[in-house]
Each structure stands twice: as structure tokens, then as C-alpha cells.
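This is what each chain is made of:
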Amino acid sequence: MMAQPITQGKLLLNEPLARYTSWRVGGMADCLYIPAGLEDLQEFLQGLSENEPVYFIGLGSNLLVRDGGVRGTVVLMHNVLTGLHMDGSEVYAEAGVTCAKLAKFTARQHRHGAEFMAGIPGTVGGALAMNAGCHGGETWDIVKKVTTIDHRGQVRERDGQEFVATYRHVEMTGGEPLNEWFIAAWFELAEGAASEAEQKIKSLLAKRLATQPLNLPNAGSTFRNPPGDFAARLVEACGLKGYKIGGAQVSEKHANFIVNLGDAAAADIEQLIAHMRATVKQQHGVDLQQEVRVIGEFKE
Ligand SMILES: Cc1cc2nc3c(=O)[nH]c(=O)nc-3n(C[C@H](O)[C@H](O)[C@H](O)COP(=O)(O)OP(=O)(O)OC[C@H]3O[C@@H](n4cnc5c(N)ncnc54)[C@H](O)[C@@H]3O)c2cc1C
């Protein structure tokens, strides 16, 4: 178990993580820590035992927390590090800023290239970790450099070139997995008219509203699109739109989305994911790769 460091943030024990995920499911975290700022986060991490499992989360919009919860410490970054300003010609955004806020800010600053982020309901930290993207844009296309923090609380500034970002995946150059968390990033964007960027944001948001089931808890795309095809097309072609397990349902509106009808357990969602994957494999020979991340333990 963790040592109890003296910090200024908020430490919650046995905290239900369903409150912090967009699917609104998931068991309790042994500890949930909400840092008071960067120095506080450093102190907190320094006070943890080396073996303590630590998970960072943003808005939990790409996250399935299993019903048995998380053994270890979850650090909540949403609304924590929220600095957002111009740094010379670059946009500096801290990990707890929402993607929507970043997109709107960059537009107002007459910068083009981050409009796609407006409809991604996550944080800058989550977008960096996932290489979030849509409509032809991806987070790492516009990253110049980042700051990271490691398990011992050490902060580093790293150039964008030190990372390899592919479709919804980021690793260190040389193939090492990421074992640091993102604290902030500098975005390099082209100059352009604010009105043009704002118009683009408006039309991208309208498109989402028309095609995504935003009225029910979900976590966006369940699977990555396979090369040359769409996961939603494959799932729909299997006749799975509307298919239910417990309180989890393949959305009627978008077949790559799973919605929580109100009383879903994480186990329902996970079983539905397995069913969709097995059916697509059987009927189309395509092995879909999961986009949503899963953490935690099964409930006994
Ligand atoms: C309605 C809807 C639409 C969506 N549309 C899109 C889309 O168009 N494109 C797209 O790419 N995604 C989309 N998503 C998925 C999701 O919003 C993105 O993956 C987003 O980047 C996740 O950010 P988050 O802050 O919620 O991260 P979380 O879900 O909290 O975490 C996701 C992963 O990032 C890690 N992480 C979080 N913060 C940090 C940090 N500071 N440092 C290191 N690791 C961290 C977590 O450990 C976890 O592994 C959508 C989701 C929903 C619900």
C-alpha cells in the first residue's frame, strides 16, 4: 500500500470511478488523488511506494473501468493543470485542459489545425496518450514538445521527435512503452482567420451531433478502424446494431459505439465488446482492435 504523503490535493479512498468515466460504469479505486498543482503532484508521487500501481485519467472518455475497481492509485487530471496561453507563436496547454477548450482557444488566436479537437470529449493529457484524432487530424501532428512526469515525480521537457505516434497509439522512439505521464504540450499551428476556424468547428460539431449517440453514456469508438475499412460498417453488416447484453447496447445510431442504457455493468460492456469482435471475425475474417482502454479487476 501507499505511504501517506503530506500534500495539498484531495485524497479520496474507495472512490467509485463510475463518477469519472463517460460510460458511467466501474468499481472503486483504492485511492483517487486530485492534485492541487504540479508541485503538489510531484510531492504526492515522491511519497508513494515504488510498487504502487498508478493510473492517470483525464475525462475517462476512452476508459472502461472493470466492476472490481482499481487496486492502486488513480490520479485525476481533469480540471487540475489548466494553463492555456500563447507562448510566442505556439499554443501552450496543460494536461487538464479539455480538447474543446483548446480548439476554441486556438481558433480565437487565429490559429488553424486544432479544430478537429473540438468534438473530442477528453483532456489534452488523454489526447496525447491516445493520439486522439478525427476528420483527418491527429494530436501528434501538431505537437512541438511536451512536459512529462514520471513515477518518482521527475518532470522532463521532451521534444515531439522523442515519440512515435501512430493511429491511437504513442510510444517512445526506439519502441519503448510510455512510462511517463503528460503534464503539458506546446502546439505548433498555422496562422489563419479566426472566423474560418470557428466555422469549421461549428460544422464538425454539427456532424457529430447528427451521427453519434451523444444522449447516452458512451466512450466513443469501441474499435479502431481496420486499414481501408470502418469498424462501424463491419459491425453493422453483422446485424449487431441494437444488440444488447445486460444494460449495454450497440448503438442504433453508430455501430462502433456502445451505449449504457442506464444500468450497465462494466462486465456487460466487456462481454458485448467480445461478442462484436468475435462476430466480425467470424463473418468478415477481420480481427478488430480495441480502441477503448480497460483497467481494473473483475468483480468476484
Ligand atoms: C462521444 C465521444 C466521441 C469521441 N470521439 C473521438 C474522436 O473523434 N477521436 C478520438 O480519437 N477519440 C474520440 N473519443 C475517445 C476519447 O474522447 C479520446 O480518446 C480522448 O483523447 C480521451 O481523453 P481523456 O482525457 O478522456 O482520457 P481518459 O479516457 O481519461 O484516458 C485514456 C487513456 O489516456 C491515459 N491518460 C489520460 N490522461 C493522461 C495523461 N495526462 N498522461 C498520460 N496518460 C494519460 C489514460 O491512462 C488512458 O490510458 C470519443 C469519446 C466519446 C465519448
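Residues numbered from 1 in each chain as written. Predicted model: local features only at pLDDT ≥ 70, side-chain atom pairs only at ≥ 80, totals over all residues. Heavy atoms only, no water.

Engineer: Tell me what's going on with the overall build of the protein chain, and back it up with residues and numbers.
Structural biologist: Of regular secondary structure, the protein chain possesses six helices and 20 strands. Here the protein chain has a C-alpha radius of gyration of 19 Å; the compact-globule value for 300 residues is 19 Å, and the two agree. In terms of overall dimensions, the protein chain has a C-alpha envelope of 55 × 50 × 35 Å along the principal axes. Counting over 300 residues, the protein chain shows a buried share of 52%. When contacts within the protein chain are restricted to residue pairs at least 6 apart in sequence, long-range pairs at least 24 apart make up 63% of them. (Helix = DSSP H or I, 4+ residues; strand = E, 2+ residues; numbered from the N terminus. Rg over C-alpha atoms; globule rule 2.2 N^0.38 Å. Buried < 20%, exposed > 50% of the residue type's maximum accessible area, 1.4 Å probe, protein only. Contact = heavy atoms within 4.5 Å.)

Engineer: So what about the nonpolar core? Which residues, and what values?
Structural biologist: Within the largest apolar cluster, 32 residues are counted, with the highest numbers of intra-cluster contacts made by Leu102, Leu128, Trp140, Val146 and Phe187. Contributing elements (two or more residues each) for this core: strand E7 (90–94), helix H2 (99–108), helix H3 (124–130), strand E11 (143–149), strand E14 (169–172), strand E15 (181–187) and helix H4 (194–211). Per-element accounting of this core gives the leading share, five residues, to H2. Other than its neighbours up to four places away in sequence, Leu128 contacts Thr139, Trp140, Val143, Val146, Val170, Phe182, Ala184 and Ala185. Ranked by size, the runner-up nonpolar core spans 30 residues in total, among them Leu17, Val75, Ile183 and Ala184. (Core = buried A, V, L, I, M, F, W, Y, C linked by side-chain atoms within 4.5 Å.)

Engineer: Mind laying out the packing of aromatic side chains, listing which residues take part and the relevant values?
Structural biologist: A full pass over the atoms with the stated rule returns six aromatic pairs. Grouped by ring-pair contacts, the aromatic residues Trp140, Phe163 and Phe182 constitute a single cluster. Over the aromatic face of Phe298 sits the side chain of Arg66, whose NZ or CZ is 4.1 Å from the ring centroid. The ring of Trp186 carries Lys145 above its face, with NZ or CZ at 4.5 Å from the centroid. (Phe/Tyr/Trp six-rings, centres within 6.5 Å; stacked < 30°, edge-to-face > 60°. Lys NZ or Arg CZ within 6 Å of the ring centre and 35° of its normal.)

Engineer: If you had to explain the environment of Asp87 to someone new, which residues and values would you point to?
Structural biologist: Assignment of secondary structure puts Asp87 in strand E6 (residues 84–87). For Asp87, a relative accessible area of 38% corresponds to the partly exposed category. Along the sequence, Asp87 and Phe187 sit 100 residues apart, while their C-alpha atoms lie 9.5 Å from each other. With residues up to four places along the chain from it excluded, the contact list for Asp87 reads Tyr92 and Trp186. Within the local environment of Asp87, its side chain forms a polar contact with the side chain of Trp186, the two groups lying 2.8 Å apart. (Polar contact = N/O pair within 3.5 Å; in protein donor to acceptor, adjacent residues only side chain to side chain.)

Engineer: Lay out the site of the ligand with the relevant residues and their values.
Structural biologist: Residues in contact with the ligand amount to 32 residues; listed here are only the nearest, Phe56, Ser61, Thr123, Gly133 and Arg208. With respect to the ligand, the side chain of Ser61 contributes an N or O atom lying 2.7 Å from an oxygen atom. Of all the secondary-structure elements, those providing two or more residues to the shell around the ligand are strand E3 (54–57), H3, strand E9 (133–134) and E15. Ranked by the residues each element gives to the shell around the ligand, the list is headed by H3, at five residues. Class assignment for the residues of the shell around the ligand results in 16 nonpolar, twelve polar and four charged. (Near = heavy atom within 4 Å. Nonpolar A, V, L, I, M, F, W, Y, C, P; charged D, E, K, R; others polar.)

Engineer: I'd like a rundown of the pairing of E7, residues and numbers included.
Structural biologist: Most of E7 sits out of view: five of its five residues are buried. Judged by which residues are buried, E7 turns out to be covered on both faces: Glu90, Tyr92 and Glu94 on one side and Val91 and Ala93 on the other are all buried. Sheet topology places E6 next to E7; four bridges connect them, and they run antiparallel. The residue bridging Met86 from the neighbouring strand is Val91, located in E7. Following E6, the chain reverses through two residues before pairing antiparallel with E7; Gly88 in that reversal takes a positive phi of roughly 65°. Sheet analysis places E7 next to E15, joined by four bridges and oriented antiparallel. Residue pairing across strands places Glu94 opposite Ala184, the latter belonging to E15. (Pairing = 2+ DSSP bridges.)

Engineer: Can you break down the sheet that holds E3 residue by residue, with the values?
Structural biologist: The mixed open sheet is built from four strands, whose spatial order is E1-E2-E5-E3. Only two strands of the sheet have a single partner each, and these edge strands are strand E1 (10–16) and E3. Shown here is a sheet whose adjacent strand axes are inclined to one another by a mean of 30°, direction ignored. Bridging between E1 and strand E2 (residues 28–34) involves six bridges; their strand directions are antiparallel. By the bridge assignment, Leu11 is partnered in E2 with Tyr33. (Axes fitted to C-alpha atoms, helices over the stretch in contact; angles between N-to-C directions.)

Engineer: So what's going on with helix H1 (residues 38–47)? Residues and values would help.
Structural biologist: Within H1, burial applies to Asp40, Leu41, Phe44 and Leu45. Considered in projection along H1, the buried side chains sweep an arc of 130° and stay on one side of the axis. (Arc of directions from axis to C-beta.)

Engineer: Hey, could you go over the side chain of Glu15 for me, with residue numbers and the actual values?
Structural biologist: By the secondary structure assignment, Glu15 is in strand E1. Using a relative accessible area of 9% as the deciding quantity, one classes Glu15 as buried. A polar side-chain atom of Glu15 sits 2.7 Å from a polar atom in the side chain of Tyr20. Sequence-distant contacts of Glu15, defined by excluding residues within four places in its chain, comprise Tyr20, Gly27, Met28, Ala29 and Leu32.

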